[in-house]
Amino acid sequence: MDDKKILAILTKNEESGSKDFIRQIIEEDIRNKKHNGEVHTRFPPEPNGFLHIGHAKAICLNYGIAVQYGGKFNLRFDDTNPIKEETKYVDAILEDMKWLGTNWEDRLFHASDYFPILFDYAVKLIEKGKAYVDDLSAEEIREYRGTLTQPGKNSPFRDRYIEENLDLFMRMKKGEFAEGEKTLRAKIDMAHPNMNMRDPVMYRIMFKTHHRTGDEWCIYPTYDFTHGESDSIEGITHSLCSLEFENHRPLYNWFLEELEIFHPQQIEFARLNLSYTVMSKRKLIMLVEEGYVNGWDDPRMPTISGLRRRGYTPESIWDFLDRIGMAKSDNLVDYALLEHCIREELNKTANRYMAVLKPLKVIIDNYPEEKTEELEAINNPEDESAGTRKVPFSKELYIEQDDFMEDPPKKFYRLAPGREVRLRYAYFLKCSSVVKDEKGNVVELRCTYDPETKGGSAPDGRKVKATLHWVSAKHALDAEVRLYDKLFVNENPNDASEGRDFRSNINPHSLEILTKSKLEPALTRVKPGERIQFERKGYFCCDTDSTKERPVFNRTVTLKDDWLKIQRAMKKD
């Protein structure tokens, strides 16, 4: 993934619709030479978890705008809380962002880089009489803060002299006080209708080792005090945030104005809400820690690492996020559109192979015992340059169990006793008898083939109504295939009955593991991370658990496209 591909996706989708409100604002700013006509964006993750597709929306917005308008893009870790932050999260975020195609060049920053500057900013506010050291406990601060309908009340320590506040703050920095004993708070208005303006905490004492600065600091700035100032320090022109930061904007503005420093323009957009999905960090942690999924990169998770392992591509995620656009209010996006985007891409790019997921043995009675043929198969009908491959054909084959019925209903056109079908790239095949085990289960089919129908057509012009995929038994590759489905059965997982929560909507059939699947031998060349199509079954990705002896494939998406059905239904309405 690179800037050229990103620009192509953004341009293609823009041509089919109007520009979103954020791009309209930016284009107006460029025309008016605001910020000298420059555009500088950033993505500021907290390194306390793994990125998910909701984060990807912010990443693609910020980086996409920088690419579209010839601007700059920063990656900044807002690492102000040493309790929750770890290097493993930093490394995972860097990997995910590189995979998505973002390029921050030499502009990788950390809020911790600015700790000395932020400290000086805090001193400046104290000197202006706009900040004070408070002795109230965290619980008392909450009590004094008031409610949405009742104003707060001033701390008894709010009117300390500037000199006393400076002395106490310096002593906080030196580690002379215990955790929770004192905080530094902004002095704004305890009766303000916006509760974020009611003397918010700027610094708290934490004797915790920071993953970058070690034990250099024992006081740490809050996110609200750090965020806007970091944007200002970096010269960010357009600070693009999700809607939950709208109520924080007056506070960010207050800090910037009181400090008399560069003022970025904050613009809020609706966060991504995806059907059949949860993106709350707390809920995702519960899914992992309580064993509902197998780690943060489980292919059922909405994390970037989970989507990557399932087989999603950076291009498909960019396409999806650009198609849904930017809104000013929350809405629910159908998961089927995400599936449509990867399906549309893989239809063009994925090579086709034959794989029998639930095998049923077929013996061709009139095919020579020792004979093996190499039949030519098309790799990708959508891409002529992908060429062809050879597929071995022999006396014993595997077909799918559900491609045979002993007593077929009307409109079942696949294999049945006395019926003829076409084998993909091979011959016409007719079932002559059925072999069952002691429980009455069909375990083997005895069939005959017509040697005159090689390539799939009969010289006498007779037709068949079904074409089946197959794998030669003696050449088959044993594999594990993991069939993934949506993790939740309810479009809104949080819609649970009284006394229950989102976990009651977990899909018990979100993963089916097939351990006896049979693949054509060409699949030995497929490497982990490579995406392919199993003909008639869906798109799959070779998993990181794969070995040459035992390949593992994850189903990315089925061939059936629900989004197209939804679109057609919407047009009828």
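Right, let's walk through the structure included here. Just so you know, these numbers come straight off a predicted model, no measurement behind them.

Turning our attention to the overall build of the protein. Across its full length, the protein carries 14 helices and 27 strands. Seen through its C-alpha atoms, the protein measures out along the principal axes to roughly 100 × 55 × 45 Å. A burial count over the protein gives 53% of its 573 residues as buried. Once local pairs closer than 6 in sequence are excluded, the contacts in the protein between residues at least 24 apart make up 72%.

Moving on to the side chain of Glu520. The residue Glu520 is located in the loop between β24 (511–519) and β25 (531–534) in this model. For Glu520, a relative accessible area of 1% puts it in the buried group. A distance of 2.7 Å separates a polar side-chain atom of Glu520 from the backbone nitrogen of Met354. Separated by 2.8 Å, the side chains of Glu520 and Arg389 make a polar contact. Excluding anything up to four places from it in sequence, Glu520 contacts Tyr353, Met354, Arg389, Val391, Val471 and Leu477.

Further remarks concern the environment of Lys12. Residue position: Lys12 is located in helix α1 (residues 3–15). Lys12 sits 272 residues away from Leu284 along the chain, and the two C-alpha atoms are 34 Å apart. Beyond its immediate chain neighbours, meaning those up to four positions away, Lys12 contacts Asp319 and Arg323.

Helices that pack against each other are described as a pair by the angle of their axes relative to one another and the distance between those axes. Following both chains from N to C, one finds helix α5 (residues 115–127) and helix α9 (residues 249–259) inclined at 80 degrees, their axes separated by 10 Å at the closest point. Viewed along their axes, α5 and α9 adopt a mutual orientation that is roughly perpendicular. Residue-level inspection shows Tyr121, Lys124 and Leu125 of α5 in contact with α9, the latter providing Phe255, Glu258 and Leu259. Grouping the constituent residues of the contact of α5 with α9 by class yields four nonpolar, no polar and two charged.

This structure, assessed with the given rule, holds 52 salt bridges. Note that Lys19 is salt-bridged to Glu27, the shortest N-O span being 3.7 Å. By relative accessible area, Lys19 is classed as partly exposed at 30%. Of the charged contacts, one joins Arg160 and Glu164 as a salt bridge, the two residues approaching to 3.3 Å between their closest N and O atoms. By relative accessible area, Arg160 is classed as buried at 15%. One network of salt bridges, with partners in common, ties together Asp297, Arg309, Glu480, Arg482, Asp543 and Asp545.

Along the chain, Glu181 turns up in the loop between α7 (162–174) and β5 (183–186). Of the residues examined, Glu181 reaches a relative accessible area of 36% and is grouped as partly exposed. Sequence-distant contacts of Glu181, defined by excluding residues within four places in its chain, comprise Asp134 and Asp135. For Glu181, the side chain forms a polar contact with the main-chain nitrogen of Ala178, separated by 2.9 Å.

Here the focus is unusual backbone geometry. Phi is positive for Tyr276, close to 60 degrees, though the residue is something other than glycine. Mapped onto the fold, Tyr276 is located in the loop between β10 (273–274) and α10 (281–289). Of note in the backbone geometry, Lys411 takes a positive phi value of approximately 75 degrees without being a glycine. As for its position among the elements, Lys411 is in the loop between β17 (396–400) and β18 (420–423).

With that settled, the discussion passes to the pairing of strand β26 (residues 538–542). With five of five residues buried, β26 is to be regarded as a mostly interior element. Pairing analysis gives four bridges linking β25 to β26, with the strands arranged antiparallel. Bridging from a neighbouring strand, Arg531 pairs with Cys541 of β26. Hairpin remark: β25 followed by β26, antiparallel, with three residues in the connecting loop; positive phi at Arg536, about 75 degrees. Note that β26 and strand β27 (residues 552–557) share four bridges and pair antiparallel. Opposite Phe540, over in β27, you have Arg555 as the bridge partner.

Ile22, Ile53, Met97 and Phe320 are the most contacted members of the largest nonpolar core, which has 53 residues in total. Broken down by element, this core gets its largest block of residues, ten residues, from helix α3 (residues 53–68). Apart from the residues within four sequence positions on either side, Ile22 is in contact with Leu61, Ile65, Leu240, Ile267, Phe269 and Met326. Judged by nonpolar contacts, the second largest core, of 33 residues, contains Leu118, Ile126, Ala186 and Cys218.

For the rest of this paragraph, the subject is empty space enclosed by the protein. Considering all chains together, one arrives at two cavities of 30 Å³ or more under this definition. There is about 150 Å³ of room inside the largest cavity. Lining the largest cavity are 19 residues; nearest its centre among them are Thr277, Arg300, Met301, Pro302 and Tyr335. Those elements giving two or more residues to the lining of the largest cavity turn out to be α10, α11 (304–310) and α13 (335–349).

Roughly 1300 Å³ of internal volume is contained in the largest pocket. Those elements that provide at least two residues to the lining of the largest pocket are β1 (40–43), α3, α8 (223–234), β8 (238–242), β10 and α10. Broken down by element, the lining of the largest pocket gets its largest block of residues, five residues, from α3. What the second largest pocket holds in volume is close to 480 Å³. Taken together, 21 residues make up the lining of the second largest pocket; nearest its centre are Ala138, Ile141, Pro200, Val201 and Thr222.

The rules we used
Residues numbered from 1 in each chain as written. Predicted model: local features only at pLDDT ≥ 70, side-chain atom pairs only at ≥ 80, totals over all residues. Heavy atoms only, no water. Helix = DSSP H or I, 4+ residues; strand = E, 2+ residues; numbered from the N terminus. Buried < 20%, exposed > 50% of the residue type's maximum accessible area, 1.4 Å probe, protein only. Contact = heavy atoms within 4.5 Å. Polar contact = N/O pair within 3.5 Å; in protein donor to acceptor, adjacent residues only side chain to side chain. Axes fitted to C-alpha atoms, helices over the stretch in contact; angles between N-to-C directions. Parallel < 35°, antiparallel > 145°, perpendicular 65-115°, else oblique. Nonpolar A, V, L, I, M, F, W, Y, C, P; charged D, E, K, R; others polar. Salt bridge = Lys/Arg side-chain N within 4 Å of Asp/Glu carboxyl O. Pairing = 2+ DSSP bridges. Core = buried A, V, L, I, M, F, W, Y, C linked by side-chain atoms within 4.5 Å. 1 Å grid on protein atoms, 1.4 Å probe; cavity = no way out; pocket = protein on both sides within 12 Å on 5 of 7 lines; lining within 4 Å. Points joined across faces, edges and corners; volume = space filled by probe spheres on them.

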